[in-house]
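Letter by letter, the chains look like this.
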Protein chains: 4
Amino acid sequence: MNTRKNSGGASAVAGATGGAPPRSGSGAAKRQGTTRRTSSSGSASERRDHLVKLAAELFARKGFQATTVRQIADEAGILSGSLYHHFDSKETIVDEVLSTFLTDLIGRYKTALEQEGDPRAVLSEMVRIGFSTLEPHRAAITVMQNDWNYLRSLPGDRFDYLIRAEDEVERMWVEQIKRGQAEGLFRADVDPKLTYRMIRDTIWVAVRWFRPGGRLNTAGLAEHYVTVLFDGLATGERTSHKA
Amino acid sequence: MNTRKNSGGASAVAGATGGAPPRSGSGAAKRQGTTRRTSSSGSASERRDHLVKLAAELFARKGFQATTVRQIADEAGILSGSLYHHFDSKETIVDEVLSTFLTDLIGRYKTALEQEGDPRAVLSEMVRIGFSTLEPHRAAITVMQNDWNYLRSLPGDRFDYLIRAEDEVERMWVEQIKRGQAEGLFRADVDPKLTYRMIRDTIWVAVRWFRPGGRLNTAGLAEHYVTVLFDGLATGERTSHKA
Amino acid sequence: MNTRKNSGGASAVAGATGGAPPRSGSGAAKRQGTTRRTSSSGSASERRDHLVKLAAELFARKGFQATTVRQIADEAGILSGSLYHHFDSKETIVDEVLSTFLTDLIGRYKTALEQEGDPRAVLSEMVRIGFSTLEPHRAAITVMQNDWNYLRSLPGDRFDYLIRAEDEVERMWVEQIKRGQAEGLFRADVDPKLTYRMIRDTIWVAVRWFRPGGRLNTAGLAEHYVTVLFDGLATGERTSHKA
Amino acid sequence: MNTRKNSGGASAVAGATGGAPPRSGSGAAKRQGTTRRTSSSGSASERRDHLVKLAAELFARKGFQATTVRQIADEAGILSGSLYHHFDSKETIVDEVLSTFLTDLIGRYKTALEQEGDPRAVLSEMVRIGFSTLEPHRAAITVMQNDWNYLRSLPGDRFDYLIRAEDEVERMWVEQIKRGQAEGLFRADVDPKLTYRMIRDTIWVAVRWFRPGGRLNTAGLAEHYVTVLFDGLATGERTSHKA
DNA sequence: GATGAATGAGTGTTCATTCAT
DNA sequence: AATGAATGAACACTCATTCAT
């Protein structure tokens, strides 16, 4: 999936879906091969990460396709050709953007699942985790929302890991919903898969309008959503409503 | 907003946001100016609509930018240059795709609002309307989801009507939520605007995974969502959950 | 092997190697599909052929790789992008250059073989045919000499027909040499395949230094070579020569 | 002709064409300037020669232009920038490849000419010399065959020595052919220059298909060619052949 | 209404080369 | 001697758009 140049971090999610998290919680372990030079340690990796961050912002703002490598290079103050010293291709950059996010997200979901708890507690925690990524991974999430279809349509299997990661996440959520239904905590007349999708969509699409510094921070957002999600919008006051 | 050639139908939503629905119920009135050919009446308009439909499918499948005018022309069995007999530009086409959808949607929301009813009934109906557009306007909704950012970033004010339409829709929803809270039907501790956004997102993002012919049709989807939305996922069985 | 655009003539040699010559002696049959417009008949094909000719000259003079599409376009008085209205790629152009030559050559060899005759007559005729292509196909032969290795190394099977054509030609020559040896006309102590290669190389490499208008025309060249080839450089006067 | 760095060995052929062989038999005299490091004597030169050899192989296999400096560096296990400690430019490398071959070839031709003998003996020996270089100088000969045109077309006079060497070699051959004709050993009705070219081409082009380990070694090849060249392909059995 | 040739600006990418470290 | 980041010019190719026919 990765060529020489980006052997560092991109697309590691594919491995993550298999079982044990790769480099889980150790993003710092990247590119150990270049640590020969003890001084200015990690500068190569830092430069690379910086470029990825710049690119991610542009991808989020303008879309992957509408962002040119020249724009990325301009932002970094270098020439477009110089980007290719760090990355094989534009795709490699977005690959790194997305896989970094997915690796983090899945790692945190797994941690939540390991903290034994009743399904409602686990699910609330997963909702909170989702919203909590909105700020640190805003760009990546935006790209995933907007360019998912396009990236998936690219030839080759480079972005197949997107699907694999999606499937793994779905499995984790649906399992908890079903467990909650089995334990009588969640209403049995809702479809678990459908419910997961609605929750998922609600969280991620918030990236489109959420701006830090507004009335609610992401933690507030999460609580708001947990409230509506579990207890509903309605009070006890029932009225007739058209069926 | 529109240049000569597409003076017929695109971007009509802008007018719709003003008040009375423009040409409501008179989609056939489009492009009266082209009746030069008395026989085969409306064939020009039909041809145009057909092209828009083909383009919409491609835009939805591959994204607006990734779709070339040549692909649209290929699909129609003509050469790319010939498309410019019907449309000024590629943007004109997507403009027509989106505005057709928004005109329909806003018109139906207005009808629902005119049918007096308690807020829960109105809101349920609006949810149902939203889901009911998923099939007939699948392509347009997909484009709006995926290419919104890009289209908005284009120079000029051509797509400003997207924002205006969005604002008008938001006003309609938020009004009903507030009314429901005022009448004690909806819990008062939720933020109306935030709640609207979550409802909105949940409906539209479903276009990404909804496929006709699955377990649930859009009506079923709507009921499912109305259930969770109003009454919550939880049963009465409360358990402690991590705050 | 060919994409839409160059469905006309390129790479037809592949078929030729199978058996009956395709469009043999009917280069005019190209692009019949575009003859709908009876007036300005074949102008599309002519334009295309003209561009191929210009490109062939440049390929021959500077090498395939060293020739840029801009140079070809400049030569034709158009912009480089406009070339892609006629050809899929730079490779398509050189493909057409080479396959046109090979189709012609193989067709003429076949005609010679059909004219029954003793092997010496047939072989002389084949030598003459070879030399006679030097002028009309000078550019193509030059490209084949210089860029053969590179074109063969290109990914995909696009230029596999070069090998197939080479093999077919070798078969024709070797057959005649063997027949001549069997009939006692040619010395039996030479290797047929080796001898073919030496004849072949001698003919084609002449393209490097042959310039029309010199002392000898290609017919003279052919006779000169036939003389040396069959009867040797030496007179009867034998002297000792270091073994 | 050469810039600082490769003042050692490249392009020495130019001098050779003047008269006395330059440093003939003293290849070890190269790069005396680098003897700064008294220990590991000649290691710099050896490293350099190794790099030239690696590059020559790549040039031969893929062509000069299609070979990137990065590929050469990869092959040597260093980075492309590091190559510039040894060579001024990519051209300097190929310069060294070709001039080394030409120096060797011309030196051996001269030795043959000094060994007095009748023209047939000398010519046979020159043929043998040519074929004998096929193995040790395979890469250089291949490059010369394929990239001659391109290298000659480069701006500047850097590769003018190729022409000068070619001319010198031609003079040597033609002289012997003419001498043979004058002495009645060779048929008088062949053109000496033309004959030389045919012999030359036949020898060098063999590099394209000759592979060591086949049926014939280069010595066998030489004898085969000498046989056909002097005595012809035909036996005494004459038949009519189309004029 | 449609063709087909052309435009012109732009795309991602390549690559020989430079140079501070 | 070698690294690795960067350059800068060039490359093949794309594509929305124009326009004479």
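Quick caveat, the model's predicted, so the values are computed rather than measured.

Conventions used here
- Residues numbered from 1 in each chain as written.
- Chains lettered and ligands numbered in written order.
- Predicted model: local features only at pLDDT ≥ 70, side-chain atom pairs only at ≥ 80, totals over all residues.
- Heavy atoms only, no water.
- Helix = DSSP H or I, 4+ residues; strand = E, 2+ residues; numbered from the N terminus.
- Buried < 20%, exposed > 50% of the residue type's maximum accessible area, 1.4 Å probe, protein only.
- Contact = heavy atoms within 4.5 Å.
- Near = heavy atom within 4 Å.
- Polar contact = N/O pair within 3.5 Å; in protein donor to acceptor, adjacent residues only side chain to side chain.
- Nonpolar A, V, L, I, M, F, W, Y, C, P; charged D, E, K, R; others polar.
- Buried area = accessible area lost by both parts, 1.4 Å probe.
- Salt bridge = Lys/Arg side-chain N within 4 Å of Asp/Glu carboxyl O.
- Least-squares fit on C-alpha atoms with pLDDT ≥ 70 in both.
- UniProt positions renumbered as here; feature names shortened; annotations may be inferred.
- Axes fitted to C-alpha atoms, helices over the stretch in contact; angles between N-to-C directions.
- Parallel < 35°, antiparallel > 145°, perpendicular 65-115°, else oblique.
- Left-handed = near helix turned anticlockwise from the far one by under 90°.
- Phe/Tyr/Trp six-rings, centres within 6.5 Å; stacked < 30°, edge-to-face > 60°.
- Lys NZ or Arg CZ within 6 Å of the ring centre and 35° of its normal.
- Core = buried A, V, L, I, M, F, W, Y, C linked by side-chain atoms within 4.5 Å.
- Expected span 1.5 Å × (residues − 1).

## Looking at the overall build of chain A
Looking only at helices and strands, chain A has 10 helices and 0 strands in total. Overall, chain A shows an N-to-C arrangement of helices and strands of α-α-α-α-α-α-α-α-α-α. Looking at the 243 residues of chain A, the share that counts as buried comes to 52%. Summarising the internal contacts of chain A: among those between residues at least 6 apart in sequence, 72% fall at separations of at least 24.

## Considerations on the protein's contact with DNA strand F
Around DNA strand F, a shell composed of 35 residues is seen, among which A:Ser82, B:Tyr84, C:Thr68, C:Tyr84 and D:His85 lie nearest. Counting only the atoms of DNA strand F that lie within 4 Å of the protein, the sugar and phosphate share comes to 63%. Measuring from a phosphate oxygen of DNA strand F, one finds a backbone N or O atom of B:Lys90 at 2.9 Å. Between DNA strand F and the protein, one listed contact pairs a phosphate oxygen with a backbone N or O atom of C:Val69 at 3.1 Å. Among the secondary structure elements, those contributing two or more residues to the surface near DNA strand F are helix H2 (43-62) and helix H4 (80-83) of chain A, helix H3 (69-76) and helix H4 (80-83) of chain C together with helix H2 (43-62) of chain D. Residue classes in the surface near DNA strand F are distributed as 10 nonpolar, 18 polar and 7 charged.

## A look at the interface of chain D and chain C
Facing the 57 residues of chain D at the interface are 59 residues of chain C. Between chain D and chain C, a total of about 5400 Å² is buried, with carbon and sulfur atoms accounting for 55% of that surface. In this assembly, chain D and chain C are joined by 2 salt bridges. The shortest N-O distance in the salt bridge between D:Arg215 and C:Asp191 comes to 2.7 Å. Counting every contact that joins chain D to chain C gives 22 residue pairs in polar contact (both at pLDDT 80 or more). For the side of chain D that touches chain C, the leading source of residues is helix H8 (residues 192-205) of chain D, giving 9 residues. Here the side of chain D that touches chain C is built from residues that sort into 23 nonpolar, 16 polar and 18 charged.

## Remarks on the interface of chain A and chain B
Taken residue by residue, the interface counts 57 residues in chain A and 58 residues in chain B. A buried area of about 5400 Å², summed over both sides, lies between chain A and chain B, and 55% of it is on carbon and sulfur atoms. Across the contact surface, chain A and chain B share 2 salt bridges. At the surface where chain A touches chain B, the tally comes to 23 residue pairs in polar contact (both at pLDDT 80 or more). Of all elements in the fold, only H2, helix H6 (119-132), helix H7 (138-153), helix H9 (192-205) and helix H10 (218-231) of chain A reach the threshold of two or more residues within the side of chain A that touches chain B. With 9 residues, the top contributor of residues to the side of chain A that touches chain B is H9(A). In terms of residue class, the side of chain A that touches chain B is made up of 23 nonpolar, 16 polar and 18 charged.

## Some words on the relation of the copies chain A and chain B
The transform that puts chain A on chain B rotates by 180° and translates by 0.1 Å along the axis, for an RMSD of 0.1 Å. Between the two chains, the operation in question is that of a two-fold axis. In terms of C-alpha distance to the rotation axis, chain A has A:Gly232 as its closest residue, with the C-alpha 1.7 Å off the axis. In this assembly the copies share their binding face: 100% of the residues contributing to the interface of chain A also contribute to that of chain B.

## Observations regarding the UniProt feature "DNA-binding region" (unreviewed entry) in chain A
Look at the UniProt record and you will see "DNA-binding region" (unreviewed entry) annotated at residues 68-87 of chain A. End C-alpha to end C-alpha, residues 68-87 of chain A measures 14 Å, and it is 60% helix and 0% strand.

## Here's the deal with the side chain of C:Thr218
Residues and elements named next belong to chain C. Mapped onto the elements, Thr218 comes out in helix H10 (residues 218-231). For Thr218, a relative accessible area of 11% puts it in the buried group. With near-sequence residues (within four places) excluded, Thr218 lies in contact with Phe131, Ser132, Leu134, Glu135 and Phe210.

## What about the protein's contact with DNA strand E?
Around DNA strand E sit 35 residues in total, of which A:Tyr84, B:Ser82, B:His85, C:Ser82 and D:Tyr84 are the nearest. Near the protein, meaning within 4 Å, the atoms of DNA strand E are sugar or phosphate in a fraction of 63%, with bases accounting for the rest. With respect to DNA strand E, the backbone of A:Thr67 contributes an N or O atom lying 3.2 Å from a phosphate oxygen. Between a phosphate oxygen of DNA strand E and a side-chain N or O atom of B:His86, the distance comes to 2.9 Å. Taken together, the elements giving at least two residues each to the surface near DNA strand E come down to helix H3 (69-76) and H4 of chain A, helix H2 (43-62) and H4 of chain C together with helix H3 (69-76) of chain D. Each residue belonging to the surface near DNA strand E can be placed in one class, and the counts come to 9 nonpolar, 18 polar and 8 charged.

## Concerning the packing of helix H5 (residues 90-114) of chain C against helix H8 (residues 160-182) of chain C
Residues and elements named next belong to chain C. In contact at an axis separation of 11 Å, H5 and H8 are set at 20° when each is read in the N-to-C sense. On the basis of their axis angle, the class for H5 and H8 is roughly parallel. Helix-helix and strand crossings are classified by hand; for H5 and H8 the assignment is left-handed. When H5 is examined against H8, the residues Asp95, Leu98, Ser99, Leu102, Ile106, Tyr109, Lys110 and Leu113 are found in contact with a partner set consisting of Tyr161, Leu162, Ala165, Glu168, Val169, Met172, Trp173 and Gln176. Grouping the amino acids of the contact of H5 with H8 by side-chain chemistry returns 11 nonpolar, 2 polar and 3 charged.

## Digging into the pattern of salt bridges
Residues and elements named next belong to chain A. Taken as a whole and assessed by the stated rule, the structure comprises 58 salt bridges over all chains. Glu183 is the salt-bridge partner of Arg179, the closest N and O atoms lying 3.4 Å from each other. In this structure Arg179 comes out as partly exposed when scored by relative accessible area, which is 33%. Among the residues examined, Glu183 registers a relative accessible area of 43% and is labelled partly exposed.

## A short note on the packing of aromatic side chains
A ring pair, where both rings are aromatic, is described by two values, the distance of the centres and the angle of the planes. As enumerated under the stated definition, the model contains 32 aromatic pairs over all chains in all. An angle of 35° between the planes, with centres 6.2 Å apart, marks the rings of C:Phe159 and C:Tyr161 as tilted. The exposure classification of C:Phe159 matches that of C:Tyr161, with both residues buried. Here a set of aromatic residues connected by ring pairs shows up, and it is made of A:Phe59, A:Phe64 and A:Tyr150. Lying across the ring of D:Phe64, D:Lys90 places its NZ or CZ 4.6 Å from the centre. The aromatic ring of D:Phe230 is capped on one face by D:Arg120, whose charged end is 4.4 Å from the ring centroid.

## Overview of the packing of H2(D) against helix H4 (residues 90-114) of chain D
All names here are of chain D. Packing of H2 against H4 leaves a shortest axis separation of 9 Å and a crossing angle of 90°. The orientation of H2 with respect to H4, classified from their angle, is roughly perpendicular. Judged by residue contacts, Arg48, Asp49, Val52, Ala55, Ala56 and Phe59 of H2 engage Lys90, Ile93, Val94, Glu96 and Val97 from H4. Considering only residue class, the contact of H2 with H4 consists of 7 nonpolar, no polar and 4 charged.

## Comments concerning the nonpolar core
Counting residues in each nonpolar core, the largest one holds 74 residues, and the members touching the most others are B:Phe131 and B:Trp173. The residues touching B:Trp173, leaving out its near neighbours within four places in the chain, are B:Tyr109, B:Leu123, B:Met126, B:Val127, B:Tyr196, B:Ile199 and B:Ile203. Residues C:Met198, D:Ala73, D:Ala139 and D:Leu229 belong to the second largest nonpolar core, which totals 72 residues.

## Examining H2(C)
In this model, H2(C) (20 residues) spans 29 Å end to end at C-alpha, consistent with the 28 Å of a helix rising 1.5 Å per residue. Among the residues of H2(C), C:Ser45, C:Arg48, C:Leu51, C:Val52, C:Leu54, C:Ala55, C:Ala56, C:Leu58, C:Phe59 and C:Ala60 are the ones counted as buried. The inward-facing, buried residues of H2(C) contact H3, H4, H5 and helix H7 (138-153) of chain C together with helix H6 (138-153) of chain D. In the stretch just after H2(C), C:Gly63 is the one whose phi turns positive, near 95°.

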